[in-house]
Amino acid sequence: MFEWSETDEMIRGAVRGFIDKEIRPHLDALDSGEMLPYPIIRKLFSEFGIDVLGEESVTELLARQRKREEALAAGEPLPERKSGGGDGAFSGQESLMAVLVSELSGVCMGLVTAMGVSIGLGATTILGRGTLAQKERWVADIVTMKKVAAWAITEPDSGSDAFGGMKTYVRRDGEDYILNGQKTFITNGPYADTVVVYAKLDEGDGADKRDRKVLTFVLDKGMEGFTQGKPFKKMGLHASPTGELFFDNVRLGKDRLLGETEEHKGGDGRESARSSFTAERIGVAFMALGIVNECHRRCVDYARNRKLWGQEIGRFQLVQLKLAKMEVARINVQNMVFMALERSRAGKPPTLAEASAMKLYCSEIATEVAMEAVQLFGGNGYMSEYHVEQLARDAKSLMIYAGSNEIQVTHVAKGLLAQ
């Protein structure tokens, strides 16, 4: 893949029309937190049929799984798996999602974060690890955005060492589990209807806390002992509510343990999270492309129209240098996105190390481009009216989001040394 298809460009035009009509007029309200992102996302899904597409995809996926399980129980030959694509809610629609994510990110990245965590982490984790009954119970409502999901792994004292420093724990109580602990920096946390929670199993055997098994549970809003904190005030991503979650002796039946077994065939919760990390970091490249594209567009327009000493500032070499570097960044990030899309279509998605490398580069260059955009606009760039200051605030989050860039270096290096 070396360029966007005609279909991609048609979708881009339609998305831009929606953005101009439904998002730009509300940017101040979204940035202040006065307006929540979810109604806009639902309207977007409705207008583009994404909710119908997601529901049909999930229905088909679960029907295939049901047939396989019935055949297995009856001792009959298993039905052939559908060739091509994966088992995600939007498998085969990666190009569509890349266009959607990049276009939205250039205007209001908080919308993308709220949507991406709900579907890309929440629904995907349940699809990847849940039983058929669990998938039927939760997934369709999440992929259609009828309900909002959160994905809770980060804790106040864990930082990038998500598993080693994890203190949230569950202990067995008969057939049930009792959950205690706290999560923080949780996207959608304040308003989520469904929450995927990672916790360590305390078997009371004195085992090293760092090595204890990690289990994955699904909670619903309003459960006794489960409290959702108020939204944090943040530097950027204001349209994406972020907060804390508290668990005080929350009783969980086995039906809320993903896979309904502690010995999951896909490994413990660590393996589940690593798979999610890969997808999340590729998603950062899509978001970074949106930031770079929007900064690039605004700066070129400004350089053409802003005049000093009787001439457009685009005639000045220092301004030209900034524009040229933005163009190089745009090409590089877009090529990384094309590579990820092509690999996905070929059934060979990037490894965790490769996804970490993409995240490391794309987040850094997006932040650099956004800060240079502010500089190019001068005093105007520091004013909210010109939007580049919001792009800079939002871009910086990409260097922390989905694992800090410092931890990406470790993952890239480990991947290289393991070859």
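## A closer look at the nonpolar core
Then step 1. With 102 residues, the main nonpolar core has I23, W151 and I153 as its most contacted residues.
Then step 2. Contacts of I23, omitting those with residues within four sequence positions, involve F18, L30, I40, L104, V107, C108 and L111.
Then step 3. In this structure, V195, L215, M223 and L245 belong to the second largest nonpolar core, which totals 21 residues.

## Quick notes on the packing of helix 8 (residues 317-345) against helix 9 (residues 352-377)
Then step 1. It is the contact of helix 8 with helix 9, at a shortest axis distance of 10 Å, that shows an interaxial angle of 155°. In terms of their interaxial angle, helix 8 and helix 9 are classed as roughly antiparallel. Seen from above, helix 8 lies across helix 9 with left-handed handedness. For the pair helix 8 and helix 9, contact is made by V319, K322, L323, M326, A329, N332, V333, M336, M339, A340 and R343 and by E354, M358, Y361, C362, I365, V369, E372, A373, Q375 and L376, respectively.
Then step 2. Taken together, the residues of the contact of helix 8 with helix 9 break down into 15 nonpolar, two polar and four charged.

## A few points about the environment of M1
Then step 1. Residue position: M1 is located in the segment before helix 1 (6-23).
Then step 2. Through-space distance from the C-alpha of M1 to that of I282 is 16 Å; in sequence the pair is 281 residues apart.
Then step 3. Leaving out residues up to four positions away in the same chain, M1 has contacts with D8, S95, F338, L341, E342 and R345.

Conventions we followed
- Residues numbered from 1 in each chain as written.
- Predicted model: local features only at pLDDT ≥ 70, side-chain atom pairs only at ≥ 80, totals over all residues.
- Heavy atoms only, no water.
- Core = buried A, V, L, I, M, F, W, Y, C linked by side-chain atoms within 4.5 Å.
- Buried < 20%, exposed > 50% of the residue type's maximum accessible area, 1.4 Å probe, protein only.
- Contact = heavy atoms within 4.5 Å.
- Axes fitted to C-alpha atoms, helices over the stretch in contact; angles between N-to-C directions.
- Helix = DSSP H or I, 4+ residues; strand = E, 2+ residues; numbered from the N terminus.
- Parallel < 35°, antiparallel > 145°, perpendicular 65-115°, else oblique.
- Left-handed = near helix turned anticlockwise from the far one by under 90°.
- Nonpolar A, V, L, I, M, F, W, Y, C, P; charged D, E, K, R; others polar.

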